[in-house]
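Tertiary structure, described
The primary structure of each chain is shown beneath.
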Amino acid sequence: MEATQKQDKTTTKPKAETKEMSGAEMVIEALIEQGVDTIFGYPGGAVLPIYDALFQQDKIKHVLVRQEGGALHAAEGYARSTGKVGCALVTSGPGATNAVTGLADALLDSIPLVCITGQVPTFLIGTDAFQEADTIGITRPCTKHNFLVKDQNDLASAMHESFHIARSGRPGPVVIDIPKDIQFAQGKYVSKDEAIMHSHYKPETDPDMKAIEEAVELMANAKCPVFYTGGGIINAGEEASTLLRELVRETGFPITSTLMGLGCYPAKDKQWLGMLGMHGTFEANWAMHDCDVMICIGARFDDRVTGMTSKFSPDSKKIHVDIDASSINKNINIDIPIVADAKKTMEAMLNVWRAKKYKADQKALKSWWDRIEIWRAKNCLAYKMDDKIIKPQYALERLAHYMEQDKRECYVTTEVGQHQMWAAQFLPFNEPNRFMTSGGLGTMGYGLPAAIGVQMAHPDAFVVDVAGEASIQMNIQELATAIQYRLPVKVFILNNEWMGMVRQWQELLHGERYSETYSEALPDFVKLVEAYGGVGLRATCVDELDDVIEEMMNNDRLTVVDVMVAKTENCFPMIPSGKAHNEMILSPDASAFDKSLV
Amino acid sequence: MMSKDSTSTKKSKSIYAPTPKLAAEETHILAILVNNEPGVLARIVGFYSGRGYNIESLTVAETNHDEHLSRITIACKGTPAVIDQIKAQLKRLVPVLKVSDLTMEGRYIERELALLKIVCTGDQRADAQRDADAFCARTVDSTPNSFIFEATDTASRIDDFVAIMMPHGLVDVSRTGIAAISKGNRVIGE
Ligand SMILES: Cc1cc2nc3c(=O)[nH]c(=O)nc-3n(C[C@H](O)[C@H](O)[C@H](O)COP(=O)(O)OP(=O)(O)OC[C@H]3O[C@@H](n4cnc5c(N)ncnc54)[C@H](O)[C@@H]3O)c2cc1C
Ligand SMILES: Cc1ncc(C[n+]2csc(CCOP(=O)(O)OP(=O)(O)O)c2C)c(N)n1
């Protein structure tokens, strides 16, 4: 109520007089001003004043997780599925250290987060006080920036700047560490327009038009072009995906994307080649290898994508659009670098393409597509069906079938492992912000809390975490969070009893020595979720699968599905590390794979 | 996890990629203008060590007291690609205003100050004094059995000076690290 009055004041009088309030109230006030409606957190001594202030307002919903790591991943899921900044609140010491994995995850995947950490009072800092940790020191290398606020009059500015830094340029996580005495102290609140910030921090977003013209001319003369897109398109906002579609259709070029960019271009479209990289499609990787012009937008030439860099797309001219200059020429040499926002760049590219009435070389493009169709005809995702044992790929194909029929918006999160790759290969991603996965850090335990974050933001959507039985146990405690907030999250476990992805590497690259990758004592996941208060389902053979998926889809409660899948299925295609795109192996070759190489 | 022995003459059977061969390394002097706020030096130094780069010399002091700006001069070694990465990464840090690669951007003046303590007596003193004079070092302290010489020069000339003073009884050296500035009217970051 108080907050609305304050808001009225600011709207009638742009330069609001400074308001006195406690540090804790400033935190809440700033969150509201920044448009935050949901915050994920876990209380403790050093954040008690902030929890007290949260209690006395009703604009921001707090979601109580069961471990701080869960709060960070939930905030990531919230952020990735909405395009907004995700927010977390944790206490000092162990609260902050539990948050570290989520911060590192968000940094590598460019997810905008603001994480508020409590700190011991300023006069105790450095004394090994109870629950003291050097949060700023610990989180410095895994945040985009961090702040320790030592004066309550700097707090509001630091809050506003945290949001500004998290969402601008290349997005990332920001930590704001607030000692308990600062939370209690009375000070001046400043609104976001009056906040004092690092004046020179202005990430470049406008493209250099000369480079754009050069790039577009190169594209117009290309004989074998390919678009290679990534998570940067999602970071650039929904409109960027719309522009990408226009650009791809108008040029007629083939397009592939990284794991992080899935959904920016509709997977059902015929210009779509599927994901590229280590577990990408044959056609996408061969097109990357053989192309003469590569147009990379918002992707960072990750080693899972390039394979052996010295053999990476040896004969192509490369255009790279990235908002972060340090992504360019980091792993691969670029011919035309464009340091700018993807959306603005694609807008400019389309303008130049249209103004100059460029048209792709139709004859060359046709024969390029003919070659691609030959690669496509390999049907590289094919797997051997079994009429009893459920193949994990088949389980996902059935899930895809039901998702396509569903009228709700569908969001998918994953854990990390084979199931993650199969989800990327077999589920339909036709819109941006619908696929939440830990790509850069590869954090097992990401998927369930992320799904909770997604479901908080989209209460009516269908949200499913595609999981492995090993990963899910890393943050299984968050089932209780889903129950508490009545979130109908679905967990679709592809249960192969192995840490499948690691087992696969041991089989193919380490002489079939399966060191510590079998899970001896798995819980009964059906009973487990029932104990939490959710619904548990199990499919043990092909005949049971459809019924179980249908029941999961129709259920409006937290549901865990334990799908007992083939135990030693491998994920193909695969580029063994250190190999080139044209040296990938497909599943029929797998048995011929020379295991003696190890 | 790349196999270490892949570079050895025996052909490795490992399926993993060999460690890539790197281009030749060169030393660059970078001038970095930063907000002088708590932790800024840790941010820069941590970035270097975190990404496996080496710092050969580092000098820092506030150079604009009104705006609380500090200038950091770093000499670091790397392949040209690594040096480019370092500059791009430095520019990403929020408190960093400007980064200049003095080595790339034309001619510059480089200076380092060194204090050398020599312990010697009797006839040796004249020899020590003579060599110090030859390097235009100042005698800033003198006792019957010791000298402190102050020299200001390029880092490599200071290296020479240290080497020449070694046999005269050099026992202690303190060096500031390099300060550097571009020649002519060009300003940092332009
Ligand atoms: C088990 C496992 C297997 C994997 N296998 C594969 C695989 O086969 N294929 C694959 O692709 N990935 C795979 N990954 C993921 C991989 O590790 C990387 O996370 C992923 O390839 C990086 O995606 P990206 O290049 O799109 O970059 P992101 O990490 O999404 O980075 C985005 C880039 O865009 C830039 N950017 C941000 N905002 C903007 C903007 N507004 N405008 C322009 N640019 C912007 C950023 O600076 C950055 O360079 C795997 C991960 C795991 C865990
Ligand atoms: C926190 C963490 N620890 C270890 C790993 C290494 N790792 C990658 S995949 C994987 C196995 C995952 O097993 P599971 O969740 O059952 O999935 P599957 O591969 O069987 O589909 C492991 C251990 C990781 N990515 N994250």
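Quick caveat: nothing in here was measured; it's all calculated off a predicted structure.

Bringing the overall build of chain B into the picture now. Helix and strand content of chain B: four helices and eight strands. In terms of overall dimensions, chain B has C-alpha extents of about 70 × 55 × 30 Å along its principal axes. Here the contacts in chain B between residues at least 6 apart in sequence split such that 69% fall between residues at least 24 apart. Looking at charge distribution, chain B has the averaged site of its 23 positive side-chain charges lying 9 Å from that of its 24 negative ones.

Interface extent is often summarised as the accessible area lost during association of the parts. Residue and element names in this part refer to chain A. Domain annotation of chain A identifies domain 1 (10–198), domain 2 (209–376) and domain 3 (392–564). If you average the C-alpha positions of domain 1 and of domain 3, the two centres end up 31 Å apart. Listed by partner, the interface residues are 24 residues for domain 1 and 26 residues for domain 3. Regarding the contact of domain 1 and domain 3, the summed buried area is about 1,900 Å², with carbon and sulfur atoms giving 63% of it. Of all residues in domain 1, Arg-66, His-73 and Ser-81 bury the most surface against domain 3, accounting for 29% of the area lost on that side. Taken together, the links from domain 1 to domain 3 amount to eleven residue pairs in polar contact (both at pLDDT 80 or more). Mapped by element, the contributors of at least two residues to the side of domain 1 that touches domain 3 are β2 (38–41), β3 (61–64), α4 (68–82) and α5 (94–108). Per-element tally for the side of domain 1 that touches domain 3: the top contributor is α4, with nine residues. Across the side of domain 1 that touches domain 3, the residue classes break down as eight nonpolar, ten polar and six charged.

Residue and element names in this part refer to chain A. Applying the stated rule across the entire model yields one cavity of 30 Å³ or more. Empty space within the largest cavity amounts to approximately 30 Å³. Lining the largest cavity are Ile-472, Ile-476, Leu-479, Val-491, Ile-493, Phe-525, Leu-528, Val-529 and Val-560. Among the elements that take part in the lining of the largest cavity, helix α21 (residues 525–532) stands out by supplying three residues, more than any other. By residue class, the composition of the lining of the largest cavity is nine nonpolar, no polar and no charged.

Attention shifts here to helix α7 (residues 152–167) of chain A. Residues and elements named next belong to chain A. Taking 1.5 Å per residue as the helical rise, α7 with its 16 residues ought to reach 22 Å, and the 24 Å between its terminal C-alpha atoms agrees with that figure. Where α7 is concerned, the buried positions are Gln-152, Leu-155, Ala-156, Ser-157, Ala-158, Met-159, His-160, Glu-161, Ser-162, Phe-163, Ile-165 and Ala-166. Where α7 begins, the capping side chain belongs to Asp-151, and its oxygen is found 2.8 Å from the backbone nitrogen of Asn-153.

Take the packing of α4(A) against helix α18 (residues 447–457) of chain A next. All names here are of chain A. Relative orientation of the contacting elements α4 and α18 amounts to 50°, with a least axis distance of 6 Å. With respect to each other, α4 and α18 are oriented oblique. You can see that α4 and α18 cross each other, and the crossing is right-handed. Listed contacts from α18 to Gly-70, His-73, Ala-74, Gly-77, Tyr-78, Ser-81 and Thr-82 of α4 are Pro-449, Ala-450, Gly-453, Val-454 and Ala-457. Across the contact of α4 with α18, the residue classes tally to six nonpolar, six polar and no charged.

Our next topic: the site of ligand 2. Residues and elements named next belong to chain A. By nearness alone, 17 residues border ligand 2, and Gln-418, His-419, Gly-442, Ser-471 and Gly-500 come closest of all. Take His-419: an N or O atom from its side chain is 2.8 Å from an oxygen atom of ligand 2. Contact distances for ligand 2 include 3.4 Å between a nitrogen atom and a backbone N or O atom of Met-444. If ligand 2 stood free it would expose 590 Å²; the protein chains cover 77% of that surface. With three residues, the single largest contributor to the shell around ligand 2 is helix α20 (residues 500–509). Looking at the shell around ligand 2, its residues break down into eight nonpolar, eight polar and one charged.

Attention shifts here to the packing of aromatic side chains. Ring pairs (aromatic) are described by centroid distance and by the angle formed between their planes. Considering all chains together, one arrives at 19 aromatic pairs over all chains under this definition. Relative to Tyr518(A), the ring of Trp498(A) has its centre 4.9 Å away and its plane inclined at 65°; by these criteria the two rings are edge-to-face. Taken as a pair, Trp498(A) in the loop between β18 (490–495) and α20 and Tyr518(A) in the loop between α20 and α21 lie far apart in primary sequence, 20 residues in all. The exposure class assigned to Tyr518(A) is partly exposed, which follows from its relative accessible area of 34%. Here Phe147(B) and Phe149(B) contribute two aromatic rings whose centre-to-centre distance is 5.0 Å and whose plane-to-plane angle is 25°, an arrangement assigned as stacked.

What follows deals with the site of ligand 1. Residue and element names in this part refer to chain A. If you check the shell around ligand 1, you find 37 residues, and the closest are Gly-231, Thr-258, Arg-300, Asp-322 and Ala-342. In the model, an oxygen atom of ligand 1 is placed 3.0 Å from a nitrogen or oxygen of the Leu-259 main chain. Asp-322 is positioned such that a nitrogen or oxygen atom in its side chain is 2.6 Å from an oxygen atom of ligand 1. Those elements that place two or more of their residues in the shell around ligand 1 are α10 (231–235), α13 (303–306) and α17 (418–426). The element best represented in the shell around ligand 1 is α10, accounting for three residues. The class makeup of the residues in the shell around ligand 1 is 15 nonpolar, 15 polar and seven charged.

Pairs may arise between side chains of opposite charge once their charged atoms sit close together. Under the defined criterion, the tally for this structure stands at 32 salt bridges over all chains. Its salt-bridge partner being Asp303(A), residue Arg304(A) comes within 4.0 Å of it at the nearest N-O pair. Of the residues examined, Asp303(A) reaches a relative accessible area of 54% and is grouped as exposed. Asp159(B) is the salt-bridge partner of Arg175(B), the closest N and O atoms lying 2.7 Å from each other. Pair noted here: Arg175(B) is in strand β8 (residues 170–182) and Asp159(B) is in helix α4 (residues 155–165), with a separation of 16 residues, a long-range link. Connected through shared salt-bridge partners, Arg170(A), Asp324(A) and Arg92(B) make up one network.

Cut-offs used in this document
Residues numbered from 1 in each chain as written. Chains lettered and ligands numbered in written order. Predicted model: local features only at pLDDT ≥ 70, side-chain atom pairs only at ≥ 80, totals over all residues. Heavy atoms only, no water. Helix = DSSP H or I, 4+ residues; strand = E, 2+ residues; numbered from the N terminus. Contact = heavy atoms within 4.5 Å. Lys, Arg positive; Asp, Glu negative; His and termini not counted. Charge placed at Lys NZ, Arg CZ, Asp CG, Glu CD. Domains from an automatic or database assignment. Buried area = accessible area lost by both parts, 1.4 Å probe. Polar contact = N/O pair within 3.5 Å; in protein donor to acceptor, adjacent residues only side chain to side chain. Nonpolar A, V, L, I, M, F, W, Y, C, P; charged D, E, K, R; others polar. 1 Å grid on protein atoms, 1.4 Å probe; cavity = no way out; pocket = protein on both sides within 12 Å on 5 of 7 lines; lining within 4 Å. Points joined across faces, edges and corners; volume = space filled by probe spheres on them. Expected span 1.5 Å × (residues − 1). Buried < 20%, exposed > 50% of the residue type's maximum accessible area, 1.4 Å probe, protein only. Axes fitted to C-alpha atoms, helices over the stretch in contact; angles between N-to-C directions. Parallel < 35°, antiparallel > 145°, perpendicular 65-115°, else oblique. Left-handed = near helix turned anticlockwise from the far one by under 90°. Near = heavy atom within 4 Å. Areas by Shrake-Rupley, 256 points an atom, 1.4 Å probe, with all protein chains shown as cover. Phe/Tyr/Trp six-rings, centres within 6.5 Å; stacked < 30°, edge-to-face > 60°. Salt bridge = Lys/Arg side-chain N within 4 Å of Asp/Glu carboxyl O.

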